[in-house]
Structures are given as structure tokens and as C-alpha cells.
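# A look at the structure
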Amino acid sequence: MKEAIEQIFKELNELKAQTAKEAEEARIRFLGKKGEITALMEQFRSVAPELKREYGQKLNELKKAATARIEELKSLAEVSAVADAPKEDLTMPGDAFPLGSRHPVSIVRQQIVDIFRKFGYDVAEGPEIEDDYHVFEALNFPPNHPAREMQDTFFVSSGHLNPLLLRTHTSSVQVRTMETQPLPIRVVCPGRVFRNEAISARAHCIFHQVEGLYIDKDVTFADLKQAILLFAREMFGPETEIRMRPSYFPFTEPSAEVDVSCNICHGKGCNICKGTGWLEIMGCGMVDPNVLKASGIDPAQYSGFAFGMGVERIAMLKWQVNDLRHYFENDMRFLGEFATATEV
Ligand code: DAH
């Protein structure tokens, strides 16, 4: 028995384990139910009484030593398992945070403004809650014009001579600009407008417009046409053609509506342009002399043109969106489609 104990001590000293599994195997081999040390414990029962003390001590030491050694091998194996694990690759790209994107209406409004900025226009803004004078009267609307009815305009206060209302168009900013800025004037006026309309695929009670105004000496309809043509080609592509149809607005004379050649079918006729090959994009005209006079500009010396367009309408045509309401519902699946839309 003595030799057997010594032999095991020796083996324990030389014992190696690369992995936790090998260390466990060693534990079973020495200390398991059928292990070598367990077997010696069994044999101990039949040792002669005078040797029991000596062997008992030795056996206990052996068991302790084996337990300690195997524990040590186990923890060494665990340490080296961690050390050998594949290292994190710190050069790998991180997890991206989902970024929001600009709203398509903001993108198009900015594109429109940027195009006119390139032509030398400034940006002017005015209040959304306006008075009747700036929205209607100074723009030559007759007192009985239908836009002044409750059905078309949201009034904030009523009953006075000059009631407050939510502006129905950004043409009001024309008036404020003419009142305050020195001539010549070249501005675009982006902003929100409000109309008392039932919400449908083609109309909303809140939408956006960009108004334009150019006043100087000798400004002609030809200048207007050229400005609109250049704008249309920047916005819808260099092949774009425009046509102007006679129209009527109280604040311009003569007035026109502008169509661009359909950028989908290139004039052949499709369901976006309803088979006509043309898409309406804005109203425009030469500023009516009454409008110049109302803001203190002498129509004998100065002339000018103005135009106004709906931002949602331009965005619908540009991206072939067929329902205006998509722009206001803020469905992330719809908005996300414009995440990569390019700026001018
Ligand atoms: N203010 C008009 C509207 O709301 C748009 C417009 C038409 C503006 C002709 C203009 C213009 O400046 O000349 O529908």
C-alpha cells in the first residue's frame, strides 16, 4: 500500500490537463467511485491495526493533495481557455443606430429654395396667422371674392374690418416684403398655408407653398418665362419643356398657369399626366399695378413677376406619389423611402 500511495503522489506531480475536460477525467481516475485513491481507501479497512495510524495519515494527505492538484489544473485550464478564445475584432464596424431622414416635403421645399438661391433670390418668411389686408386686400382681392368666405378660409377672429386668419397662400409674404425691403426685390417665400378643405387624395387643409417675387425696372413676361423654364429644368431634368396657359389671379395681370412636360412618359401620355403629356406645377403672372401701388411701389417705374407653387404637388410629381395624405400620415415605411433622396 505504501508503494501505491507513493506512486500516486508521483503521478499527481506529473499530472497535466490541457482542458477542463481532461482535469475532470483525472478527478474520476483518482477520486471517482472506482478511482485509484478511492480503491486505496477501501483497502485501508483491512490494514493491520498497528499500521492504521501511519497509513491513515498518508491516505488523507494523498486525498487532499489530489483534490487540490485537480482543482488547480481545472482553474488553469479555464484561464487558458479564455486566453485562447478568438479575440474581439475591434476594427469591425459597430452596430449602426437607425437614423431618421428628412421629410420628403422638407427635401423638395429645400430643393426649390436652393434652385432660386442659385438664381440670386433671397428667402423671406412671414406669419402664418395673418390679417385680411396682407392675404387678400393688398393683393387686389375684391371684397366679395369667394376666398374671403368662411368655407375657404380659417378665420381666427371675425367681425372687425381687418380680421385675423390663417394665411391661405404665401402670397401674403410678397406684400410684407414689398412693404419693408428696398427695390429691386428678388425673393422666394416658403411656408405653410391653411385652407378650409375636406381632406382627400388631392387636397389637405394644411400644405406648403413657395411663392416667388421679382420686382425691378423693365421686368417683362419674357423674364418670367425664362426663370420658370430654368427652374423646371433644374427640378425635373434638362429635357423638361414648359407651357403657359392664360389664367386669372387677382394679384397678377396677365396671369398664367404653368405646365411641365410629363417626366414619366416624356409627352406621349400616361396615367400620371392623364394622357395629356403635361403636368400643372404653378400659377404666375406679372404683378398687378394695383398690388404694387398698395405697397407703395410706383407701377410707372417698376414692374415685376410673381409665381406660386405647392410643395406637396411638386413632390408628388417628382416621385409619382398619388395620394397627398401620405405626406401627413408619417408612416415610417413611406418616409424611409426618401432617406437617400439627393439634394440639389
Ligand atoms: N397664391 C396662389 C395660390 O395660392 C398661387 C399663385 C398664383 C401665386 C399666381 C402667385 C401667382 O404669385 O402669380 O394658389
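Note: the structure precedes this text.
Right, let's walk through the structure included here. Model, not experiment: these values are computed from the prediction. Note that residues are indexed from 1 along each chain, following the sequence as it is written. Per-residue local features of the predicted model are confined to residues with pLDDT of at least 70, and side-chain atom pairs are confined, for both listing and counting, to 80 or more; whole-chain, interface and lining totals are unaffected and use all residues. Each side-chain value is worked out from all heavy atoms of the structure, with water and hydrogens disregarded.

### Overview of the nonpolar core
Grouped together as the largest cluster of nonpolar side chains are 46 residues, with contacts concentrated most on I112, F231, I281, F305, F307 and M309. Numbering goes from the N terminus for both helices and strands, where a helix is a DSSP run of H or I of at least four residues and a strand is a run of E of at least two. Elements represented by at least two residues in this core include exactly α5 (104-118), β5 (206-216), α8 (221-236), β7 (252-261), β8 (278-287), β9 (303-310), α10 (311-319) and α12 (332-335). A total of 8 residues in this core trace back to one element, the largest contributor, which is α8. When residues no more than four places from it in sequence are discounted, the contact partners of F305 are Y121, G212, L213, Y214, V219, T220, D223, L224, A227, G285, M286 and V287. Buried residues of nine kinds, namely Ala, Val, Leu, Ile, Met, Phe, Trp, Tyr and Cys, make up a nonpolar core once their side-chain atoms join them within 4.5 Å. Exposure is judged per residue with a 1.4 Å probe applied to protein chains only, and the accessible area is read against the type maximum: over 50% gives exposed, under 20% gives buried, and values in between give partly exposed. Any two residues having at least one pair of non-hydrogen atoms within 4.5 Å are treated as being in contact.

### Let's talk about the site of the ligand
Neighbouring residues of the ligand: 15 residues in total, closest H169, S171, R195, Q209 and E211. Taking Q209, its side chain carries an N or O atom lying 3.0 Å from an oxygen atom of the ligand. Think of a polar contact as two N or O atoms within 3.5 Å of one another; within protein, one of them needs to be a possible hydrogen donor and the other a possible acceptor, and neighboring residues in sequence only count if both atoms come from side chains. With respect to the ligand, the backbone of F307 contributes an N or O atom lying 3.3 Å from an oxygen atom. For the ligand, the accessible surface in isolation is 350 Å², of which the surrounding protein chains cover 89%. Breaking the shell around the ligand down by element, the ones donating at least two residues are α7 (171-180), β5, β8 and β9. Grouping the amino acids of the shell around the ligand by side-chain chemistry returns 5 nonpolar, 8 polar and 2 charged. Residues are counted as near a molecule or strand when any one of their heavy atoms sits within 4 Å of it. The accessible surface values rely on the Shrake-Rupley method and a 1.4 Å probe; as for residues, cover is taken only from the protein chains in view. Only Asp, Glu, Lys and Arg are considered charged, only Ala, Val, Leu, Ile, Met, Phe, Trp, Tyr, Cys and Pro nonpolar, and every remaining residue, Gly among them, polar.

### A short note on unusual backbone geometry
Residue P184 is bonded to the preceding L183 through a cis peptide linkage, with omega at -5 degrees. Mapped onto the elements, P184 comes out in the loop between α7 and β4 (185-194). In this chain, E253 is followed by P254 through a cis amide linkage whose omega measures -5 degrees. Note on placement: P254 falls in strand β7. Even without being a glycine, N140 presents a positive backbone phi close to 70 degrees. With respect to the secondary-structure elements, N140 resides in the loop between α6 (132-135) and β3 (164-166). Assessed through its relative accessible area of 25%, N140 is described here as partly exposed.

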